[in-house]
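Each chain, letter by letter, is given below.
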Amino acid sequence: MSVPVFIADPEALRAGDRVRLDGDEGRHAAVVRRIGVGERVDLTDGAGHVAQCVVSAADRTGITCDVESRADVAPPAPRIVVVQALPKGERGETAVETLTEVGVDEIVPWSAARCVTRWKGERGEKALRRWRSTSREAAKQSRRAWLPRVGELASSDAVAARFETAALGVVLHEEASVPLTSVELPAAGDVVVAVGPEGGVSPEELESFTSAGAVAARLGPTVLRTSTAGTVAAGVLLSRTPRWP
């Protein structure tokens, strides 16, 4: 069984050889996970620093960890950024969870023209918090040293602007002639992949994105749901980089 990972305050994690994990994260470790004295845990600041620890004390408010060793994990390169059109229902959290587990570095919620779901006002704020919480928990489960960023809701114009500055931009499209497996990948920088909604990317959006430098590419012979297409695409891309040796 793999060692559980918890997210610690960056300053506290680097301050010394003993780290107190309290608050929501500490209570989760002590009460929900029932981590006890003598057990191994890994603590991370979510920005590449990891401390391998042994629990020396535990109560209902948290755990105290003695650091045995430390490691700094280099930032992943190239960075994989998935621009995810808002799916219906709970499929958004499903997409965020699997994108995080597979190794995506940034997830951008996208209000595409053909999205049925709309984030407005308090509803949008709650949905974004759920995406961020889902990503955080999935990052811990998959033992990531670098937490992915879940950005603010983006318009189609904002997505086009991301493509203009990306090392590589890709729009997944079922009618594209270029297979994703043949797209040349950069060694560094951002690889930005746009995943359209259930109704697909509109012709106007596709033209805007390709004009900004993105390549339209297809995943394969079948059409995937918007909540799974990004994860499959990220896996295809990551398998062709040194990140997946």
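Residues numbered from 1 in each chain as written. Predicted model: local features only at pLDDT ≥ 70, side-chain atom pairs only at ≥ 80, totals over all residues. Heavy atoms only, no water.

Caption draft 1: Fine view of the sheet that holds strand E10 (residues 190–195). Read from one edge to the other, the open sheet built from six strands follows the order E8-E7-E6-E10-E9-E11, with strand pairing classed as parallel. If you trace the sheet from one side to the other, it starts and ends with strand E8 (149–150) and strand E11 (215–217), each paired once. Across three bridges, strand E9 (residues 168–172) lies against E11 in parallel orientation. Within the sheet, the bridge partner assigned to Leu172 lies in E11 and is Ala217. (Pairing = 2+ DSSP bridges. Helix = DSSP H or I, 4+ residues; strand = E, 2+ residues; numbered from the N terminus.)

Caption draft 2: Quick peek at the pattern of salt bridges. The tally for this structure, following the rule as stated, stands at 20 salt bridges. The salt bridge partner of Glu93 is Arg130, with a shortest N-O separation of 3.5 Å. Placement of the pair is Glu93 in helix H3 (residues 91–102) and Arg130 in helix H4 (residues 121–141), with a sequence separation of 37 residues. The partly exposed category is assigned to Arg130, whose relative accessible area is 42%. In the salt-bridge network here, residues are joined through shared partners; they are Arg79, Glu106, Arg149, Arg162 and Asp190. (Salt bridge = Lys/Arg side-chain N within 4 Å of Asp/Glu carboxyl O. Buried < 20%, exposed > 50% of the residue type's maximum accessible area, 1.4 Å probe, protein only.)

Caption draft 3: Just helix H5 (residues 156–165), in detail. Taken together, the buried positions of H5 are Ser156, Val159, Ala160 and Phe163. Down the axis of H5, the buried set is contained in an arc of 100°. They therefore lie on one face. Away from the buried face of H5 by more than 90 degrees, exposed residues Asp157, Glu164 and Thr165 are located. In this structure, the buried residues of H5 make contact with strand E6 (79–85), strand E7 (106–110), E9, E10 and helix H6 (203–211). (Arc of directions from axis to C-beta. Contact = heavy atoms within 4.5 Å.)

Caption draft 4: Up close: unusual backbone geometry. Across the junction of Ala77 and Pro78, the peptide omega takes the value -5°, indicating a cis bond. Within the fold, Pro78 resides in the loop between strand E5 (62–72) and E6. Although it is not a glycine, Arg143 adopts a positive phi angle of roughly 60°. Inspection of the secondary structure assignment puts Arg143 in the loop between H4 and E8. Judged by relative accessible area, Arg143 falls into the partly exposed class, the value being 37%.

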